[in-house]
Amino acid sequence: MAPAERAVVVGAGLAGLRGAEALREAGFSGSLTIVGAEPHLPYDRPPLSKHVLAGAIPAHATTLPHGLGADVDWQLGTPAAGLDRKAGTVRLADGRALPYDRLLIATGTRARPWPNPHEGRLAGVFTLRGRDDAAALRRALAAGPRRVLVIGGGFIGCEVASLCRQLGLPVTLVEPSPTPLARVLGRTIGAFIGAIHAGHGVDLRCGSEVEWLEGEGGRLVRAHCTDGSRIEAELAVVALGAVRNTEWLDGAGLSADPGGVECDGAGYVLDAEGHPDPQIAAAGDVARFPHPLYDGRRVALEHWSHAVAQAAHAGRLLAGAPPDAAYGALPTFWSTQGDLVVKSAGLTEGADAVAITQGNPADGRFIALYGRAGRCIAAVSVDSARWLPAHAEMVATGAPFPPEGAATDRPKGIAIFDPGFS
Amino acid sequence: MSTRADASSGSPPGLRVSVDLNLCQAYAQCCYAAPRHFRIEGHEALFYDPAPAAEDRDDIERARVACPVQAIRVEDPGRGV
Ligand SMILES: Cc1cc2nc3c(=O)[nH]c(=O)nc-3n(C[C@H](O)[C@H](O)[C@H](O)COP(=O)(O)OP(=O)(O)OC[C@H]3O[C@@H](n4cnc5c(N)ncnc54)[C@H](O)[C@@H]3O)c2cc1C
Ligand code: SF4
């Protein structure tokens, strides 16, 4: 590789940082520029919805450790606004053009805003994605609101709601599905976890939807639900999932849309005709790729460990590693909801059965193993992480489902449920 | 800009710590090694201080080395990584 080569990383988050490190570790000795929309060095997001909101650590303490040296040009506070693949340049919002020979796209996602922008701008209405969001929300929680409304019962919504209870704040969680976490874990496991949160005093309103937010003098005062009910709350956290940051790629001739930037199995991005561009890779929340463990189904994963592993893969690829090795790490994530730890390995999508293989949902500690067409496809632990690695192994190898003798504490067969997807 | 953003305070740059909580099995060895910076909440939720002071580096290093699954990553800007 010619030392004069230039690598550009767009997105100074977890994936951008770990991708840049991997480029260097794999021997890339050219110039390395990291472009970030936010003014901050890369920081860690998981603590934002947990110990930062709890007030245990300040938002600015989350700067990530890294192993990059002084030979990195950090361009922070200026987003990339365009990509010209013919010229080989990334255009920044301030008009500058950065030439690249190798490009890593790692622009992640942003919080999906409340659909009505006027209501979304009311004081007291928050979303949570970045460090500044978390600092602002922490201040609002510390002021002791009479009630917090959490809109959306996904992972972030459940984390925020359970954290409010830890802070002693009354909280209502509104989720259109019959249970929290229904989309990712199914209604059966979602109901078990929802019961734990309800037991801690979260006012769960499942099967209900917030229709509009009412303000007085520019401040949120209450929410109106589609079933006619009202929730008096001066603080609302909109936790409706994420939108991928791909707009800056409009006109670049890549396969990119709100569903992500399409990659091939190796990690190269695909152009509009579906051909890989060998100068460009993508990683982290923004990337969609065919997962070899799931029959090549195209997935985009919004998980910390995935961002780390896929970015390391992409960095090596851009540094010149042979593209024959497909990226296919087993998807894993964790979520800390109050003191409750939910962890998962594999992808639950398409599951036709779920078995409780360890513990007991009624005790709030268990392992759920998901099966599809007679094979294990995913496992979820609730305060039972020590049992997860063995289950992850069954998922990684596609072991037969239902498993035999998997449960050391349950020799006489295991309970099997409809997982409740649809 | 500089990669050492917090050098302005005058105190020596602190450490940066992150833990891969997928790897973490909550066996708490880090909590014994550095109880002021790591603790288990509930059954298995690890709290860690992502920005310990530079003078705590020996405790943090002991915690890092004690972790059986090498889930703890530390950067020590005052010393190089
Ligand atoms: C509050 C919260 C809690 C979470 N908790 C967990 C958890 O417990 N467990 C888990 O597994 N995962 C968790 N996640 C998910 C995890 O943090 C993400 O998967 C991870 O951050 C993805 O990294 P990334 O680098 O792909 O994207 P990001 O972290 O989003 O980084 C992308 C960066 O690119 C920047 N950017 C965007 N557009 C541009 C542009 N045009 N030009 C330049 N820069 C741009 C953004 O500002 C951002 O800094 C959580 C996420 C959030 C928000
Ligand atoms: S020593 Fe490692 S595995 Fe054990 S609690 Fe600490 S970080 Fe987790």
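Residues numbered from 1 in each chain as written. Chains lettered and ligands numbered in written order. Predicted model: local features only at pLDDT ≥ 70, side-chain atom pairs only at ≥ 80, totals over all residues. Heavy atoms only, no water.

Q: Would you take a moment to explain the overall build of chain B for this structure?
A: Within chain B, the secondary structure is distributed over two helices and four strands. In chain B, the succession of helices and strands from N to C terminus is β-α-β-β-α-β. Burial status across chain B gives 49% buried among its 81 residues. Sequence-distant contacts, at least 24 apart, represent 57% of the contacts inside chain B between residues at least 6 apart. (Helix = DSSP H or I, 4+ residues; strand = E, 2+ residues; numbered from the N terminus. Buried < 20%, exposed > 50% of the residue type's maximum accessible area, 1.4 Å probe, protein only. Contact = heavy atoms within 4.5 Å.)

Q: Where do I start with the overall build of chain A in this structure?
A: Check the secondary structure of chain A and you find eight helices and 29 strands. Across its three principal directions, the C-alpha atoms of chain A cover 60 × 60 × 40 Å. Looking at chain A residue by residue over its 422 residues, the buried ones come to 57%. Pairs at least 24 residues apart make up 63% of the contacts formed inside chain A by residues separated by at least 6 positions. Accessible surface, chain A: about 16500 Å² in total, of which carbon and sulfur atoms supply 52%. One finds the centroid of the 38 positive side-chain charges in chain A at a distance of 3 Å from the centroid of its 44 negative side-chain charges. (Areas by Shrake-Rupley, 256 points an atom, 1.4 Å probe, with all protein chains shown as cover. Lys, Arg positive; Asp, Glu negative; His and termini not counted. Charge placed at Lys NZ, Arg CZ, Asp CG, Glu CD.)

Q: Can you walk me through the side chain of Thr63 of chain A in this structure?
A: Note on placement: Thr63 of chain A falls in the loop between helix 2 (51-54) and strand 3 (73-76). A residue is classified by how much of its surface remains accessible, and Thr63 of chain A, at 13% relative accessible area, is buried. Contact partners of Thr63 of chain A, with chain neighbours within four places excluded, come to Leu41, Pro42, Tyr43 and Arg131 of chain A together with Arg16 of chain B.

Q: I tried to follow the sheet that holds strand 26 (residues 353-360) of chain A on my own but got confused; where do I start?
A: Hydrogen bonds between backbone groups are what pair the strands of a sheet, and the pairing can be parallel or antiparallel. Residues and elements named next belong to chain A. Spatially, 24-25-28-27-26-29 is the arrangement adopted by the six strands of the open sheet, whose pairing is antiparallel. Across the chains shown, the open sheet's two edge strands, defined by having one partner strand only, are strand 24 (332-337) and strand 29 (415-417). Looking at each pair of strands side by side, their axes are set apart by 20° on average, direction ignored. The sheet contacts of helix 6 (residues 182-199) involve strand 24, strand 25 (340-346), strand 26, strand 27 (365-372), strand 28 (375-382) and strand 29, and relative to strand 27 the element is tilted by about 170°. Contacts from helix 8 (residues 388-396) reach strand 25, strand 26, strand 27 and strand 28 within the one sheet, and its direction differs from that of strand 28 by about 160°. (Pairing = 2+ DSSP bridges. Axes fitted to C-alpha atoms, helices over the stretch in contact; angles between N-to-C directions.)

Q: What is the right way to read the environment of Tyr27 of chain B from this model?
A: As for its position among the elements, Tyr27 of chain B is in the loop between strand 1 (16-19) and helix 1 (29-33). Considered as a pair, Tyr27 of chain B and Glu55 of chain B are 28 residues apart in the sequence and their alpha carbons are 26 Å apart. If we ignore the near neighbours within four places in the chain, the residues touching Tyr27 of chain B are Arg386 of chain A together with Tyr32 of chain B.

Q: Any chance you could explain the domain arrangement of chain A here in plain terms?
A: All names here are of chain A. Per the domain assignment, the segments of chain A are domain 1 (6-110 + 243-318), domain 2 (113-240) and domain 3 (339-417). Distance between the C-alpha centres of domain 1 and domain 2: 30 Å. Contacts between domain 1 and domain 2 engage 18 residues on the former and 14 residues on the latter. Summed over both partners, the interface of domain 1 with domain 2 comes to about 1500 Å²; 60% of that surface belongs to carbon and sulfur atoms. (Domains from an automatic or database assignment. Buried area = accessible area lost by both parts, 1.4 Å probe.)

Q: Please clarify how helix 4 (residues 131-142) of chain A should be interpreted in this entry.
A: Think of an α-helix as 3.6 residues a turn; residues three or four steps apart then line up on the same face. Residues and elements named next belong to chain A. In this model helix 4 runs 16 Å from its N-terminal to its C-terminal C-alpha over twelve residues, within 8% of the 16 Å that 1.5 Å per residue would give. Along helix 4, the residues that are buried comprise Arg131, Ala134, Leu137, Ala140 and Leu141. Packed against the buried residues of helix 4 are helix 2, strand 9 (125-126), strand 10 (148-151), helix 5 (155-166) and strand 16 (235-238). Just downstream of helix 4 lies Gly144, where phi reads positive at about 75°. (Expected span 1.5 Å × (residues − 1).)

Q: Explanation requested: the site of ligand 2 in the structure shown.
A: All names here are of chain B. Around ligand 2 sit 13 residues in total, of which Cys24, Gln25, Ala28, Cys30 and Cys67 are the nearest. A molecule is said to occupy a pocket when more than half its atoms come within 2 Å of that pocket's grid points, and by this definition ligand 2 occupies the second largest cavity. Of the residues contributing to the shell around ligand 2, the split by class is eleven nonpolar, two polar and no charged. (Near = heavy atom within 4 Å. 1 Å grid on protein atoms, 1.4 Å probe; cavity = no way out; pocket = protein on both sides within 12 Å on 5 of 7 lines; lining within 4 Å. Sits in = over half its atoms within 2 Å of the grid points. Nonpolar A, V, L, I, M, F, W, Y, C, P; charged D, E, K, R; others polar.)

Q: How should I be thinking about empty space enclosed by the protein in this particular structure?
A: Any empty space left between atoms is shown by rolling a water-sized probe over those atoms. Applying the stated criterion across every chain yields a total of two cavities of 30 Å³ or more. If you add up the space inside the largest cavity, you get close to 200 Å³. Around the largest cavity sit 20 residues that line it, and Trp334 and Thr336 of chain A together with Leu21, Leu46 and Tyr48 of chain B are the ones nearest its centre. At the level of elements, strand 24 and strand 25 of chain A together with strand 3 (45-48) of chain B are the ones that each hand at least two residues to the lining of the largest cavity. Per element, the largest residue contribution to the lining of the largest cavity is four residues, and it comes from strand 3 of chain B. Counted by class, the lining of the largest cavity contains 14 nonpolar, three polar and three charged residues. (Points joined across faces, edges and corners; volume = space filled by probe spheres on them.)

Q: Any chance you could explain the site of ligand 1 here in plain terms?
A: Residues and elements named next belong to chain A. Contacts to ligand 1 come from 34 residues, most closely from Glu38, Arg45, Lys50, Arg129 and Asp285. One of the side-chain nitrogen or oxygen atoms of Arg45 is found 2.6 Å away from an oxygen atom of ligand 1. Contact distances for ligand 1 include 2.8 Å between a nitrogen atom and a backbone N or O atom of Trp334. For ligand 1, whose free accessible area comes to 1000 Å², the fraction covered by protein is 93%. The residue makeup of the shell around ligand 1, split by class, is 17 nonpolar, ten polar and seven charged. Taken domain by domain, the shell around ligand 1 gets at least three of its residues from each of domain 1 (6-110 + 243-318) and domain 2 (113-240). (Polar contact = N/O pair within 3.5 Å; in protein donor to acceptor, adjacent residues only side chain to side chain.)

Q: Would you mind showing me how to read the environment of Asp59 of chain B here?
A: Structurally, Asp59 of chain B is set in helix 2 (residues 57-66). Each C-alpha atom of the pair Asp59 of chain B and Ala45 of chain B lies 20 Å from the other, and the pair is 14 residues apart in sequence.

Q: What exactly am I supposed to notice about the packing of aromatic side chains here?
A: To describe a pair of aromatic rings, you give the distance between the ring centres and the angle between the ring planes. A full pass over the atoms with the stated rule returns six aromatic pairs over all chains. Residues Tyr370 of chain A and Phe421 of chain A carry aromatic rings whose centres are separated by 6.4 Å and whose planes lie at 45° to one another, so their mutual orientation is tilted. Of this pair, Tyr370 of chain A sits in strand 27 while Phe421 of chain A sits in the segment after strand 29, placing them 51 residues apart in sequence. With relative accessibility at 0%, the residue Tyr370 of chain A sits in the buried group. Among the aromatic side chains, those forming a connected cluster through ring pairs are Phe192, Phe366 and Phe417 of chain A. For the cation-ring pair, Arg131 of chain A lies above Tyr43 of chain A, with the distance from its terminal atom to the ring centre recorded as 5.9 Å. If you follow Arg39 of chain B out to its NZ or CZ, it ends over the ring of Phe47 of chain B, 4.1 Å from the centre. (Phe/Tyr/Trp six-rings, centres within 6.5 Å; stacked < 30°, edge-to-face > 60°. Lys NZ or Arg CZ within 6 Å of the ring centre and 35° of its normal.)

Q: I'm lost on the interface of chain B and chain A in this one. Help?
A: Accessible area lost upon the coming together of the parts serves often as the stated size of an interface. Contacts between chain B and chain A engage 28 residues on the former and 32 residues on the latter. Both faces considered, chain B and chain A share a buried interface measuring about 2600 Å² in area, 55% of it formed by carbon and sulfur atoms. In this assembly, chain B and chain A are joined by one salt bridge. Here Glu21 of chain A and Arg73 of chain B are joined by a salt bridge, their closest N and O atoms 2.7 Å apart. (Salt bridge = Lys/Arg side-chain N within 4 Å of Asp/Glu carboxyl O.)

Q: Can you help me understand the sheet that holds strand 18 (residues 256-257) of chain A in this one?
A: Ordered by their spatial adjacency, four strands build an open sheet running 18-19-22-23 (chain A), and the pairing between neighbours is mixed. The open sheet terminates on both sides in strands that have one partner only, identified here as strand 18 and strand 23 (297-299) of chain A.

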